[in-house]
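# Observations on the three-dimensional arrangement
Below are the chains, spelled out letter by letter.
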Amino acid sequence: MKKCFLSSACWAVVAAGLVASCSPKSNMVTVTTTTTTTTTTGGGADAGEDPDAPVKMDMPIENSKPHMARMRATLFKMSGDYANNVAVTLGPDGRLLYFPAPTDLTDESAPQEVGDGWWLNRQGLGASSVFTKYTFDEYRALKTVPTPEEIKAAIIPGACVTDFRQLVLPASEARGLEPKELLKYLNEE
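Residues numbered from 1 in each chain as written. Predicted model: local features only at pLDDT ≥ 70, side-chain atom pairs only at ≥ 80, totals over all residues. Heavy atoms only, no water.

Of the regular secondary structure elements, the protein chain holds five helices and ten strands. Going through the 189 residues of the protein chain one by one, you find that 35% of them count as buried. Counting only contacts in the protein chain whose residues sit at least 6 apart along the sequence, the fraction spanning at least 24 positions is 64%. Carbon and sulfur atoms make up 55% of the accessible area of the protein chain, which amounts to about 12200 Å² in all. (Helix = DSSP H or I, 4+ residues; strand = E, 2+ residues; numbered from the N terminus. Buried < 20%, exposed > 50% of the residue type's maximum accessible area, 1.4 Å probe, protein only. Contact = heavy atoms within 4.5 Å. Areas by Shrake-Rupley, 256 points an atom, 1.4 Å probe, with all protein chains shown as cover.)

Structure representation (structure tokens):
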């Protein structure tokens, strides 16, 4: 007879994986320095349980540290006056990597001019973003998400990001500063 040498923590991880893989709903995971708490749905009607009953498991994690990622502010320049046009991102092969749903955009999504040709990124565009014929108002009014083919057909030839810089400043703080104040962060690393 073989003995199992897995610790109780390892078995808890295996059990959590099984519960998560059988769950019809998304899982929510919160990590702290000593415990991971996973909340998922119950075992289901076939297991004789309420399928919507939460299941909570606390698993110790050794040597863990809390992690917090904060999106940094970015500034960019454009090849023309496209500040009111929705941007999409293309890969090096021309494949469409990112485009928003109309409901993703708000009045706050348009870039904010900061001076010297620089704009504060508030849409989530990147260095390889290009601009479409859609204005923010037109795009938000769409009832359905355009197909990738429709998005690619709407790209304005030559309308692209020409310079892109990530700042040391978190995006949430950049939104509260006066636009001209952001220029001083361009050369900080």
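Applying the stated rule across the entire model yields one cavity of 30 Å³ or more. Surrounding the largest cavity, Phe 76, Asn 85, Ser 109, Pro 111, Asn 121, Arg 122, Gln 123, Leu 125, Phe 131 and Phe 136 form its lining. (1 Å grid on protein atoms, 1.4 Å probe; cavity = no way out; pocket = protein on both sides within 12 Å on 5 of 7 lines; lining within 4 Å. Points joined across faces, edges and corners; volume = space filled by probe spheres on them.)

Evaluated as defined, the whole model comprises three aromatic pairs. Consider the rings of Tyr 134 and Tyr 139, whose centres lie 5.2 Å apart with planes at 65°: the pair is edge-to-face. For the pair shown, Tyr 134 and Tyr 139 are each scored as buried. Here Lys 133 stacks its cationic end above the ring of Tyr 134, 6.0 Å away from the centre of that ring. (Phe/Tyr/Trp six-rings, centres within 6.5 Å; stacked < 30°, edge-to-face > 60°. Lys NZ or Arg CZ within 6 Å of the ring centre and 35° of its normal.)

With 13 residues, the main nonpolar core has Val 86, Val 88, Tyr 134, Tyr 139 and Ile 151 as its most contacted residues. Residue contributions to this core peak at three residues, all from strand E5 (residues 85-90). Apart from the residues lying within four places of it in its own chain, the contact partners of Tyr 139 are Val 86, Phe 99, Pro 100, Ala 101, Pro 102, Leu 105, Tyr 134, Pro 146 and Ile 151. Trp 118, Leu 169, Tyr 185 and Leu 186 belong to the second-largest nonpolar core, a separate cluster that totals twelve residues. (Core = buried A, V, L, I, M, F, W, Y, C linked by side-chain atoms within 4.5 Å.)

On to the environment of Phe 136, then. With respect to the secondary-structure elements, Phe 136 resides in helix H2 (residues 136-140). Its relative accessible area of 2% is what places Phe 136 among the buried residues. Filtering out sequence-adjacent residues up to four positions away, Phe 136 remains in contact with Ala 83, Asn 84, Asn 85, Val 86, Leu 105, Ser 109, Ala 110, Pro 111 and Gln 123.

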